[in-house]
Amino acid sequence: MDWTGSSPDERRQMLAAIGVDSVEALLAAIPRCVEGLPGIPDGLDEASLLRHVSDLAQRNRPAGPGKCFIGAGAYEHAAPAVVEALISRGEFSTTYTPYQPEVSQGTLIAGFEFQTLIARLTGLDVANSSMYDGASAAAEAALLAIRYTGRTAVVVSGAMHPEWLCVLRTYLSGVGAEIRIAASEYGRTPLGQVEACLDGNVACFLIQQPNFLGQLEDLRAAAEAAHAAGSLFVAACNPLALGILASPGECGADIAVGDVQPLGIPLSFGGPYAGYMAVREPLVRQMPGRLVGMARDAQGRRGFTLTLQTREQHIRRERATSNICTNQALVALAATIYLCALGKHGLREVARHNVVRAHRAAERLQEIPGVRLAFDGPYFNEFVLRLPRKARDVCRHVRERSGIWPGLDLGRFWPDMADCLMVCVTETKTREDVEALRAALEDALQ
Amino acid sequence: MTDIPLIFEISQPGRRGWQLPALDVEDAPLEEMLPAGQVRAEPAELPEVTELDVVRHFTRISALNMCIDTTFYPLGSCTMKYNPRVTEKCARLPAFDLHPYAPTECSQGTLELLHGLQQMLCELCGMHAFTLHPAAGAQGEFAGILVARAWHEARGERRSKVVIPDSAHGTNPASARLGGYQVVTVRSDGRGRTSPSALREVMDGDVALFMLTNPNTLGLFEDGILEIAEIVHDVGALLYLDGANLNALAGIVRPGDLGFDIVHVNTHKTLSTPHGGGGPGAGPVGVTERLADFLPGWVVEKGVDNGFRLRRPERSVGQLRSFFGSTGVLIRAYAYLRALGGRGLRENSLTAILNANYLRSRLRETFAPHVDEPCMHECVLSAKSQKKRGARALDIAKRLLDYGFHPPTVYFPLIVEEALMIEPTETESKTTLDAFVDALLAIDREIDECPDVVRGAPHSTPVGRLDEVSAARRPVLTMPVNGAME
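Below or above, wherever it landed, is the structure these notes cover. These numbers come from a predicted model, not from an experiment.

We now examine the overall build of chain A. Tallying secondary structure elements over chain A gives 14 helices and 13 strands in all. Referenced to the eigenvectors of the C-alpha coordinate spread, the extents of chain A come out at roughly 85 × 55 × 45 Å. When the 446 residues of chain A are sorted by exposure, 63% land in the buried category. Taking the contacts inside chain A whose residues are at least 6 apart along the sequence as the reference set, 72% of them involve residues at least 24 apart.

Laid out in structure tokens, this is it:
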């Protein structure tokens with residue numbers, strides 16, 4: 001394909017205006033030019049390209065509707081059709097960071113609405129207009145806490161997503177901060193462990209809600225423990241679960257972060273998703289990322305603009321609060337539209353259905369001989385089953401026999417949990433779907 | 001005059017915009033499943049609107065944006081080229097919508113595509129290996145810096161400095177700092193370039209990395225590059241390419257052949273994945289062979305059985321975000337590269353350079369170029385003479401909005417007084433470029449004829465210039481639940 005803009009004749013006119021015979025004449029200063037790129041196949045017309053990429057897609061074997069019970073940080077939820085229709089508008093997708101607010105009110109209004117929605121869901125004062133994803137948002141929250149408190153260690157729940165822990169280690173390695181991990185017991189983060197890790201050098205305590213194993217943590221007690229040591233409390237919350245769970249703000253969190261993927265964002269083999277970050281007001285000037293604020297023009301009209309930009313890299317350079325520049329605006333827009341379409345009662349209903357369907361499913365699956373819940377605490381839409389065999393073998397068997405992906409084999413992360421299967425049941429799974437899973441698991445365990 | 005309403009301001013109690021499937025399992029009160037302390041007392045104050053309310057609101061506000069689909073958008077350093085619709089169609093094929101922990105044997109198509117993308121990026125950049133993991137260019141920079149640090153440490157060295165030219169993007173110093181480095185700035189010379197002699201003065205055995213944008217943010221090729229690479233390598237440091245301006249080099253010269261050790265690619269620039277109002281992007285990072293073991297995330301490799309799988313590099317610096325990467329964006333980048341082929345990429349770069357030089361040749365007598373010589377894919381002009389006559393670069397930018405054009409980047413690079421940084425890209429026609437030039441020349445005349453019109457611009461947009469100082473002094477960042485915005 002060729003998407004260049006001018007005709008051969010126009011190109012000749014332009015060359016004449018510049019006063020050269022060819023563009024190559026302008027490139028004399030470039031050493032070691034190449035003649036071509038043999039490692040990149042010849043270009044394709046539109047039909048051949050679609051055929052080729054469709055052939056690749058055909059080589060995937062997706063589980064299909066009602067058959068994927070894997071969660072573990074990326075969740076299958078149904079999104080209203082309007083979400084994709086609206087984010088596909090070129091007015092949203094082919095514009096950039098709103099440096100010129102007068103002609104970017106669409107992006108800015110949507111950003112302000114996202115900030116407001118996240119602030120209301122988290123019960124905190126201020127949210128920014130998106131982060132790369134939940135894991136990097138958690139890492140940036142730790143960096144924020146380190147800047148704000150002047151302390152150099154962070155305490156993290158061992159029940160946090162292992163990939164998020166890995167991201168936290170990577171992000172904090174640069175500034176040399178110490179990470180103390182409060183090991184989980186029975187699927188949750190015991191406060192005794194946390195208190196043993198906390199001292200006057202700890203900038204913040206981070207916990208995930210629900211945690212990686214699907215269990216609900218006691219945020220209020222965690223907040224009290226963190227504050228007793230003079231540390232900030234960071235809660236990494238699934239925003240869909242916040243439709244029904246007590247908000248981090250009301251539980252005492254100073255910072256809430258998370259991934260908006262559960263708000264109907266496609267799984268898309270890991271991304272693009274988007275992160276969010278919300279804080280109490282005193283922390284706002286230490287926040288990373290873009291912030292949209294209200295402003296007035298000379299005629300008194302209300303408008304929106306990027307604000308508090310002196311925190312940012314394009315002005316503050318090495319003293320910026322973060323290196324973040326382009327982030328996830330279009331994904332944040334999708335989450336905004338999802339939350340608006342579901343609305344105040346719709347979000348609560350979806351969250352409630354997740355709780356009910358997951359609990360009914362857990363009951364049914366425990367009826368299989370030898371299968372029991374690994375942890376006895378409360379959960380949202382995900383739970384861990386202990387199986388009488390290795391979860392890895394069971395997953396393979398179930399998949400080959402029924403096409404169902406029954407959950408995540410936790411042996412992937414912890415060898416001592418190789419008999420643990422983590423199952424996620426969202427509003428997308430019907431009674432029949434769960435019955436089919438039960439039958440397939442029973443068959444695999446015979 | 002009424003303000004454009006926010007979605008919260010059109011909310012009416014009881015409206016619904018979505019219907020859930022009925023519960024087909026036994027319902028139960030929440031108290032039986034969740035402890036009382038865990039349950040939210042009141043639902044969060046989200047709007048209550050119908051589906052039509054949602055569609056109309058977001059369609060209406062979308063019309064308040066200027067975008068590539070409607071308008072020439074020559075935002076310098078951002079490569080606002082046309083985003084082909086066929087790549088969108090590719091990315092939306094339902095079979096690509098896999099869980100990130102999908103079994104390897106069920107994700108072979110996606111893995112093969114990602115493997116192909118790695119290979120093509122290696123060829124494009126002259127690199128040995130690529131990671132597709134980083135979420136955006138700035139995260140790619142951070143990745144590259146961590147790779148450099150890990151490589152030095154593996155050799156038993158702890159270096160403390162990163163050298164960056166004064167014309168660099170702000171992300172470079174911010175990323176270096178995040179990587180724990182002290183930033184040393186090297187000044188550009190009178191030709192707008194990093195001179196080898198100035199570089200030599202700041203390079204020593206404590207420098208880990210020199211980060212260079214080439215062509216630099218003045219749109220000029222760093223013609224001392226071979227000598228620069230030698231100076232950097234002589235002190236045992238590494239050479240990093242900020243690939244923001246790769247749209248000038250693709251198919252013409254490969255960074256690896258010039259001596260670069262690490263390069264990041266902004267897919268939303270050179271590879272035309274949509275900018276999305278500020279993301280999602282993706283920031284693949286390529287390295288030479290000696291650095292390949294340190295890459296973050298995963299590399300996709302082809303096994304002896306011809307199957308594809310993910311592998312964590314042996315001494316990886318870790319992970320920068322959860323899961324493999326922004327696969328949806330990477331599929332678009334793959335499709336774009338396959339549509340163009342090597343020759344198409346070269347043709348793009350040549351055309352981008354042609355367009356920038358055409359603009360430059362038509363504007364250079366009115367708006368002084370910072371350095372008066374042919375440019376690469378973008379040209380940086382100065383409005384300093386216009387400023388003396390009463391209109392600043394900002395005024396000119398705002399007046400361009402009235403003429404129906406998105407302005408260029410202004411006041412960047414920081415080393416150019418009253419900078420206008422214009423990047424036309426290859427997808428624009430001569431007709432469009434001429435209309436843009438005519439608008440700029442007309443504005444220049446207006447500065448003498450009707451200066452207040454220029455200084456008060458824009459006049460035709462949904463809102464006028466906003467009072468950003470007051471907005472930052474008393475920030476209003478969310479709408480209060482009681483609805484009062486002041």
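After presenting the structure, the write-up continues.
Our next topic: the overall build of chain B. A count of helical and extended segments in chain B gives 13 helices and 13 strands. Seen along its three principal axes, the alpha-carbon backbone of chain B occupies a region of about 75 × 70 × 40 Å. For chain B, the proportion of its 486 residues judged to be buried stands at 60%.

In a beta sheet, neighbouring strands are held together by backbone hydrogen bonds and run either parallel or antiparallel to one another. Residues and elements named next belong to chain B. The strand order across the open sheet built from 4 strands is β10-β11-β13-β12, with neighbouring strands paired in antiparallel fashion. On the outer flanks of this sheet lie β10 (368–369) and β12 (409–410), each paired with one strand and no other. The pairing of strand β11 (residues 379–382) with strand β13 (residues 419–422) spans 4 bridges and is antiparallel. Bridge pairing in β13 places Ser382 opposite Ala419. Across the sheet, helix α8 (residues 327–363) touches β10, β11 and β13, and the angle it forms with β11 is around 20 degrees.

Taken residue by residue, the interface counts 174 residues in chain B and 166 residues in chain A. Secondary-structure elements contributing two or more residues to the side of chain B that touches chain A are α1 (51–62), α2 (85–91), α3 (108–125), α4 (137–154), α5 (171–178), α8 and α13 (468–473) of chain B. Among the elements that take part in the side of chain B that touches chain A, α8 of chain B stands out by supplying 23 residues, more than any other. Of the residues contributing to the side of chain B that touches chain A, the split by class is 96 nonpolar, 48 polar and 30 charged.

Our focus in this paragraph is the sheet that holds strand β4 (residues 202–209) of chain A. Ordered by their spatial adjacency, 7 strands build an open sheet running β1-β7-β6-β5-β4-β2-β3 (chain A), and the pairing between neighbours is mixed. Since the sheet does not close on itself, it has two edges, and those belong to β1 (126–127) and β3 (178–182) of chain A, each with one partner.

Soluble globular proteins: nonpolar side chains tend toward being buried together. By size, the foremost hydrophobic cluster in this structure holds 320 residues, and its most contacted members are Ala142, Cys204, Phe205, Val234 and Ile337 of chain A together with Val147 of chain B. A per-element tally of this core places helix α12 (residues 329–366) of chain A first, with 22 residues. With residues near it in sequence (within four places) discarded, Ile337 of chain A still touches Val82, Val83, Leu86 and Ile87 of chain A together with Val54 and Phe58 of chain B.

We now examine the environment of Glu32 of chain B. Along the chain, Glu32 of chain B turns up in the segment before α1. Here Glu32 of chain B falls in the exposed class, since 8 other C-beta atoms lie within 10 Å of it.

Residue and element names in this part refer to chain A. Across its 16 residues, helix α6 (residues 134–149) extends 22 Å between first and last C-alpha, which sits within 8% of the 22 Å expected from 1.5 Å per residue. Across the 16 residues that make up α6, a large majority, 13, are buried. Of the residues flanking the end of α6, it is Gly150, one or two places downstream, whose phi is positive at about 75 degrees.

Attention now goes to the pairing of strand β13 (residues 420–424) of chain A. All names here are of chain A. Counting buried residues in β13 gives 5 out of 5 residues, a clear majority hidden from the surface. Judged by which residues are buried, β13 turns out to be covered on both faces: Cys420, Met422 and Cys424 on one side and Leu421 and Val423 on the other are all buried. In this structure, strand β11 (residues 382–386) lies alongside β13, joined through 5 bridges in antiparallel fashion. For Val384, the partnering residue across the bridge sits in β13 and is Met422. Relative to β13, strand β12 (residues 408–409) is paired through 2 bridges, and the arrangement is antiparallel.

A few words now on the environment of Leu440 of chain B. Within the fold, Leu440 of chain B resides in helix α11 (residues 430–449). Taking the number of C-beta atoms within 10 Å as the measure of exposure, Leu440 of chain B has 24 and is therefore buried.

All names here are of chain A. Packing of helix α5 (residues 105–122) against α12 leaves a shortest axis separation of 9 Å and a crossing angle of 60 degrees. In terms of orientation, α5 and α12 fall into the oblique class. Seen along the crossing, α5 lies across α12 with a hand that is left-handed. In contact with Thr107, Ala110, Gly111, Glu113, Phe114 and Leu117 of α5, α12 contributes Ala329, Ala332, Leu333, Ala335, Thr336 and Leu339. For the contact of α5 with α12, a count of residues per class yields 8 nonpolar, 3 polar and 1 charged.

So, how was this worked out
Residues numbered from 1 in each chain as written. Chains lettered and ligands numbered in written order. Predicted model: local features only at pLDDT ≥ 70, side-chain atom pairs only at ≥ 80, totals over all residues. Helix = DSSP H or I, 4+ residues; strand = E, 2+ residues; numbered from the N terminus. Buried ≥ 20, exposed ≤ 12 C-beta atoms within 10 Å, placed from the backbone. Contact = placed C-beta atoms within 7 Å. Pairing = 2+ DSSP bridges. Axes fitted to C-alpha atoms, helices over the stretch in contact; angles between N-to-C directions. Nonpolar A, V, L, I, M, F, W, Y, C, P; charged D, E, K, R; others polar. Core = buried A, V, L, I, M, F, W, Y, C linked by C-beta atoms within 7 Å. Expected span 1.5 Å × (residues − 1). Parallel < 35°, antiparallel > 145°, perpendicular 65-115°, else oblique. Left-handed = near helix turned anticlockwise from the far one by under 90°.

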